[in-house]
Amino acid sequence: MKNTIRKLFYLFGLILLIKGAYATKIDTTQIVEIGGIKQFLTINTKNANNPVLLYLHGGPGAAVSAHKDAVTGKLEEHFIVIHWDQRNSGETLGLNPSPVLPTVDIMTKDAEEVMSYVLQHFNREKLVVMANSWGTIPGFHLAKKFPEKISVYIAVSPVISNLKSQQQTLQILQKHFQKEGHTRAVRQLSEVKVPYENVTQMLIQYRWEMEFGGTEMSDEQFEQLLSYFQYWEKMWMPLYHELYNINLEKLAQTIDCPCYFIVGNKDYTTYFKLTEEYFNRLKAPSKKLFWFENTGHNIPAFAAEEMQNIIINDILPSTKNK
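Residues numbered from 1 in each chain as written. Predicted model: local features only at pLDDT ≥ 70, side-chain atom pairs only at ≥ 80, totals over all residues. Heavy atoms only, no water.

This part covers the packing of aromatic side chains. The tally for this structure, following the rule as stated, stands at 16 aromatic pairs. Ring geometry for Phe177 and Trp208: centres 5.5 Å apart, planes at 70°, overall edge-to-face. On the criterion of sequence distance, the pair formed by Phe177 in helix α6 (residues 162–180) and Trp208 in helix α8 (residues 199–212) is long-range, its members being 31 residues apart. This pair shows no difference in class: Phe177 is buried, exactly as Trp208 is. On the basis of an interplanar angle of 25° and a centroid distance of 5.6 Å, the ring pair of Tyr268 and Tyr271 is categorised as stacked. As far as burial versus exposure is concerned, Tyr268 and Tyr271 are alike and both buried. Stacked on the ring of Phe279, the Lys or Arg Lys287 has its end atom at 4.7 Å from the ring centre. (Phe/Tyr/Trp six-rings, centres within 6.5 Å; stacked < 30°, edge-to-face > 60°. Helix = DSSP H or I, 4+ residues; strand = E, 2+ residues; numbered from the N terminus. Buried < 20%, exposed > 50% of the residue type's maximum accessible area, 1.4 Å probe, protein only. Lys NZ or Arg CZ within 6 Å of the ring centre and 35° of its normal.)

See the structure below:
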């Protein structure tokens, strides 16, 4: 009888242990009022005691929550991963289009509200901010303004100076295709003005940037992209032009939280040499730049596993006790 009772207690304790283990998982979505509109968050982790990581997607307008498993799935073992579909992006756009055209000021204020909500919701003092491409604009804003709330800032393919980056890349492309005797590329690139006057100029430079990197874009693919970006232009081109006035070399010479950069050594969209120059001058409590060999701008799309491994193996330890 005693043995039977002992076995029952053991079984009951085991059930509670298993139930408790599963209870720590989080797999949910939330709709939160941010900036006066409904905004969409996904929250995923294998353990609710993990540090919190807020992911700021690129674009602008390119939410990744729909394919987040490919981008940050491995990180869910080690972090509470939060994807925020920014206004006029992804599920947030589906819920309610922004009543006004987004601006950098509006987007950075949204980011502040999201960070504040996340910290309060999880009762944390700090979180990790991970930003990609355009997302590094609000990301650097948070790191500069609220370093005490950020244990680590991770900038993937960061935007340092949109103006200088595009000017220098355009010159590189023009010289390259002149040397190659590629008359069509030379002719089209001669029509590009930086700052871009329209999305056609943007895509012309992007097309020959891809060709320069070894990937050909057909006329049909160009026309398909142009059709999409003509829609994008109406919503985002005013904000995009604001980026030409932002230069982190002047705005953020010092950031008072640990900073990690993940950069492709073939990134001509946000020119990698500008990023390296800025990183070398940046003052931070600790910093490190991780180079991805033979990789262009879109690291989350083409090198997500390697990106996550670096975060887990090299950056995660620094979040402990922060």
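A word on the packing of helix α4 (residues 104–121) against helix α5 (residues 136–145). In the contact formed by α4 and α5, the axes pass within 9 Å of each other and the chain directions differ by 60°. The orientation of α4 relative to α5 falls into the category oblique. In the packing of α4 onto α5, the handedness of the crossing is right-handed. In this structure, α4 uses Val104, Thr108, Ala111, Glu112 and Met115 to contact α5, whose residues at the interface are Ile137, Pro138, His141, Leu142 and Lys145. The class makeup of the residues in the contact of α4 with α5 is 6 nonpolar, 2 polar and 2 charged. (Axes fitted to C-alpha atoms, helices over the stretch in contact; angles between N-to-C directions. Parallel < 35°, antiparallel > 145°, perpendicular 65-115°, else oblique. Left-handed = near helix turned anticlockwise from the far one by under 90°. Contact = heavy atoms within 4.5 Å. Nonpolar A, V, L, I, M, F, W, Y, C, P; charged D, E, K, R; others polar.)

This brings us to helix α9 (residues 219–242). Between its first and last C-alpha, α9 extends only 30 Å over 24 residues, short of the 34 Å set by a 1.5 Å rise per residue. Residue Trp236 marks the point of greatest curvature in α9, where the axis turns by about 65°; the proline Pro238 follows within four residues. The set of residues buried in α9 consists of Phe222, Leu226, Phe229, Trp232, Met235, Trp236, Met237, Leu239 and Tyr240. Looking at the buried side of α9, the elements it contacts are α4, α6 and α8. (Expected span 1.5 Å × (residues − 1). Bend = angle between axes of the 7 residues up to and from the residue.)

A word on the environment of Tyr268. Its place among the elements puts Tyr268 in the loop between β7 (259–264) and α11 (272–281). The contact partners of Tyr268, leaving out residues within four places of it in the chain, are Ser165, Thr169, Ile172, Glu209 and Phe212.

This paragraph deals with the side chain of Ser133. With respect to the helices and strands, the residue Ser133 is situated in the loop between β5 (127–132) and α5. The exposure class assigned to Ser133 is buried, which follows from its relative accessible area of 12%. If we skip the residues at most four places from it in the chain, Ser133 touches Gly58, Val156, Ser157, Val159 and His297.

Taken as a whole, this structure holds 1 cavity of 30 Å³ or more when the rule is applied. What the largest cavity holds in volume is close to 40 Å³. Around the largest cavity, the lining residues are Pro158, Val159, Ile160, Ser161, Asn162, Ser165, Thr270, Tyr271, Leu274 and Thr275. Looking at the lining of the largest cavity residue by residue, the class counts come to 5 nonpolar, 5 polar and no charged. (1 Å grid on protein atoms, 1.4 Å probe; cavity = no way out; pocket = protein on both sides within 12 Å on 5 of 7 lines; lining within 4 Å. Points joined across faces, edges and corners; volume = space filled by probe spheres on them.)

This part covers the layout of surface pockets. Taken as a whole, the largest pocket holds about 1400 Å³ of empty space. Secondary structure elements with two or more residues in the lining of the largest pocket: α6, α8, α9 and α12 (299–302). Ranked by the residues each element gives to the lining of the largest pocket, the list is headed by α8, at 7 residues. The residue makeup of the lining of the largest pocket, split by class, is 26 nonpolar, 19 polar and 3 charged. In this structure, the second largest pocket spans a volume of roughly 190 Å³. Lining the second largest pocket are Val104, Asp105, Thr108, Thr136, Ile137, Phe140, His141, Lys144, Ile246, Leu248, Leu251 and Ala252. It is α5 that contributes the most residues to the lining of the second largest pocket, 5 residues altogether. Its residues assigned to classes, the lining of the second largest pocket comprises 7 nonpolar, 3 polar and 2 charged.

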